[in-house]
Amino acid sequence: GADDVSIRRKRQAVVDWFVDRAQEELPARASRFESRLGLDDVLVEVGELDGRWGEFDGSVRLHWRLIRAPVRIQDYVLAHELAHTVHSEHSDSFWNTVGTLIPDYEERREWLRINGNTLTV
């Protein structure tokens, strides 16, 4: 009844706050990786993604829930997606590029695999 509606509205208000924060913070973090890849001003958007933390299709899209992750994990996902501007496939060259940007990417990737499901509202 009314209590369910109230709970849904409160949850949505919290989600909206996290989305706004993610839209403010995550795109700004990309510039340091862009410069190292010889890129300039790649569009980084934040939204809801099904079953993934990020994607690249001419622009980078990140799941808003990343804002709940440690900054080092946010940086890994950003670097991963920006590496797709250079390599479309998850080839050895791709992972070498990610490793150049984030030397301990394997540890960060594993953290996200283990802890990603805790980044909820």
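No experiment lies behind these values; they were computed from the predicted model shown.

This part covers helix α3 (residues 71-83). The terminal C-alpha atoms of α3 lie 18 Å apart, and with 13 residues this matches the ideal 18 Å at 1.5 Å per residue to within 8%. Taken across its 13 residues, α3 has eleven buried, putting it largely inside the fold. Every buried residue belonging to α3 is among I73, Q74, D75, Y76, V77, L78, A79, H80, E81, L82 and A83, and all of these are buried.

As a further point, take the side chain of Q74. With respect to the secondary-structure elements, Q74 resides in helix α3. On the basis of relative accessible area, Q74 is assigned to the buried category, the value being 3%. Within the local environment of Q74, its side chain forms a polar contact with the backbone oxygen of I67, the two atoms lying 3.5 Å apart. In contact with Q74, other than residues within four places in its own chain, are L26, R29, L66, I67 and A69.

Moving on to the pattern of salt bridges. Summed over the entire model, instances satisfying the criterion amount to nine salt bridges. Between D104 and R108 there is a salt bridge; the shortest N-O distance is 2.7 Å. The network of salt bridges with common partners includes R72, D104, E107 and R108.

How each quantity is defined
- Residues numbered from 1 in each chain as written.
- Predicted model: local features only at pLDDT ≥ 70, side-chain atom pairs only at ≥ 80, totals over all residues.
- Heavy atoms only, no water.
- Helix = DSSP H or I, 4+ residues; strand = E, 2+ residues; numbered from the N terminus.
- Expected span 1.5 Å × (residues − 1).
- Buried < 20%, exposed > 50% of the residue type's maximum accessible area, 1.4 Å probe, protein only.
- Polar contact = N/O pair within 3.5 Å; in protein donor to acceptor, adjacent residues only side chain to side chain.
- Contact = heavy atoms within 4.5 Å.
- Salt bridge = Lys/Arg side-chain N within 4 Å of Asp/Glu carboxyl O.

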